[in-house]
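# Commentary on secondary and tertiary structure
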Amino acid sequence: MTDSILDLHINDGLTDEEIDHEKNTYGPLAEDVRELILLALQTRVDADDVARAREHLAAAREILERDRETGPYGTRYNDSGRYRTWGNAVMGLRNAIAPIGEIHEEPDGRVWADFRLNPAYEGPAGHTHGGVTALVLDQILGDAARAGGHPGMTGTLTVRYRRRTPLGALHAEARIDRVEGRKTFVKGHIADAEGVCVEAEGIFIAPQWMIEHRENLDTSPRRE
Ligand SMILES: CCCCCCCCCCCCCCCC(=O)SCCNC(=O)CCNC(=O)[C@H](O)C(C)(C)COP(=O)(O)OP(=O)(O)OC[C@H]1O[C@@H](n2cnc3c(N)ncnc32)[C@H](O)[C@@H]1OP(=O)(O)O
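This report concerns the structure included in the present document. What you are looking at is a predicted structure, and each value in this text was computed from that prediction instead of being measured. (Residues numbered from 1 in each chain as written. Predicted model: local features only at pLDDT ≥ 70, side-chain atom pairs only at ≥ 80, totals over all residues.)

## A word on the overall build of the protein
Tallying secondary structure elements over the protein gives five helices and nine strands in all. A globule of 224 residues ought to have a C-alpha radius of gyration of about 17 Å, and the protein, at 19 Å, matches this closely. Projected onto its principal axes, the C-alpha positions of the protein cover 60 × 45 × 30 Å. Here the protein, with 224 residues, has 22% of them falling under the buried criterion. The long-range fraction of contacts in the protein, counting pairs at least 24 apart against all pairs at least 6 apart in sequence, stands at 65%. (Helix = DSSP H or I, 4+ residues; strand = E, 2+ residues; numbered from the N terminus. Rg over C-alpha atoms; globule rule 2.2 N^0.38 Å. Buried ≥ 20, exposed ≤ 12 C-beta atoms within 10 Å, placed from the backbone. Contact = placed C-beta atoms within 7 Å.)

## Focus on the site of the ligand
Taken together, 24 residues are adjacent to the ligand, and H9, G142, P151, G155 and T156 come closest. When contributions to the shell around the ligand are tallied by element, the ones reaching two or more residues are helix 1 (4–7), helix 4 (130–147), strand 6 (153–161) and strand 9 (195–205). At five residues, the largest contribution of residues to the shell around the ligand is made by helix 4. Its residues placed into classes, the shell around the ligand shows nine nonpolar, nine polar and six charged. (Near = placed C-beta within 6 Å. Nonpolar A, V, L, I, M, F, W, Y, C, P; charged D, E, K, R; others polar.)

## Description of the sheet that holds strand 9
In spatial order, the strands read 4-5-7-8-9-6; together these six strands make up an open sheet with antiparallel pairing. Across the chains shown, the open sheet's two edge strands, defined by having one partner strand only, are strand 4 (104–105) and strand 6. In terms of strand pairing, strand 4 meets strand 5 (residues 111–117) through two bridges, oriented antiparallel. Looking at strand 5, one finds that H104 is bridged to W112. (Pairing = 2+ DSSP bridges.)

## Observations regarding the environment of T43
Along the chain, T43 falls in the loop between helix 2 (16–42) and helix 3 (47–64). C-alpha of T43 to C-alpha of P107: the two residues are 64 residues apart in sequence and 44 Å apart in space.

## Side note on the nonpolar core
In terms of nonpolar packing, the biggest core is built from 26 residues, with V136, L137, I140, L141 and A144 touching the most fellow members. When residues in this core are grouped by element, the largest group, eight residues, is from helix 4. (Core = buried A, V, L, I, M, F, W, Y, C linked by C-beta atoms within 7 Å.)

## Here we look at the environment of A53
By the secondary structure assignment, A53 is in helix 3. Spatially, the C-alpha atoms of A53 and Y161 are 40 Å apart, while their sequence positions differ by 108 residues.

## Quick word on helix 4
Along its 18 residues, helix 4 runs 26 Å from first to last C-alpha, staying within 8% of the 26 Å computed at 1.5 Å per residue. When you tally the buried positions in helix 4, you get 13 out of 18 residues, the bulk of the element. Downstream of helix 4 by a residue or two, G149 has a phi angle that is positive, lying close to 90°. (Expected span 1.5 Å × (residues − 1).)

## Some words on the sheet that holds strand 3 (residues 83–84)
A sheet is described by the order of its strands in space; here three strands give the open sequence 1-2-3, paired in mixed fashion. Two strands in the sheet have a free side with no partner beyond their single neighbour: strand 1 (9–11) and strand 3. The pairing of strand 2 (residues 75–77) with strand 3 spans two bridges and is antiparallel. Across the sheet, residue Y77 finds its bridge partner in strand 3, namely Y83.

Nothing here speaks to function; it is all geometry.
What follows is the structure, encoded as structure tokens:
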């Protein structure tokens, strides 16, 4: 173990039942917080009602803080090969800002997700923030590299914004273009119902520590 990423790659020994229990407990909490983020943006109730709502939120925070972790979630797995990246900013089950619920991996190497971006992801008025589409593409392209057996860190991500990306229903997909030694070149895009909005090419590079620990890495399709 030579890298700080590996230090957060932990078999926590949970049973499948315990993982399911955690999923059913903390997943809905993240959903509630996601709804609260939107409500903070959109509510029009008056100051008295806001003050009352904040009292309830303070009470909820007091309960949740009674027993908590303080650091990042990292990657956790168990003996049956269930990997959890629940803190991930794009698709972490316990992360209320993560916009994607599930990323699908096809046998032909295509990786894709259908998702919705609500107004909390706004950049130009009524449209998606360019940093958010880049965030999603970094994940989807990185997942295509990993799912194809070539996990790596993003070395370069080149993003071309072809036309404005609306908020609402979107589709992202990616696949490996070619592999050159430790470098994997991946191409992908985000589209709305009218077609492609943003294209990206990523170069994912397997650092030495990742190659050395390859057999322990999360290339399994059972990630959740
Ligand atoms: C145990 C847990 C494991 C988890 C395993 C699963 C991971 C599965 C991910 C899932 C999906 C995640 C999706 C989100 C992915 C991020 O968000 S990752 C976070 C953002 N990226 C980073 O923080 C990376 C920071 N940079 C680095 O760590 C290092 O610079 C790199 C990129 C690993 C390269 O370091 P290095 O291995 O020392 O590279 P080096 O030996 O200098 O060069 C090797 C080759 O790459 C080229 N190269 C070097 N840097 C670059 C670059 N930036 N751009 C292009 N080419 C470059 C060199 O020219 C060289 O090419 P050749 O001469 O061989 O042709």
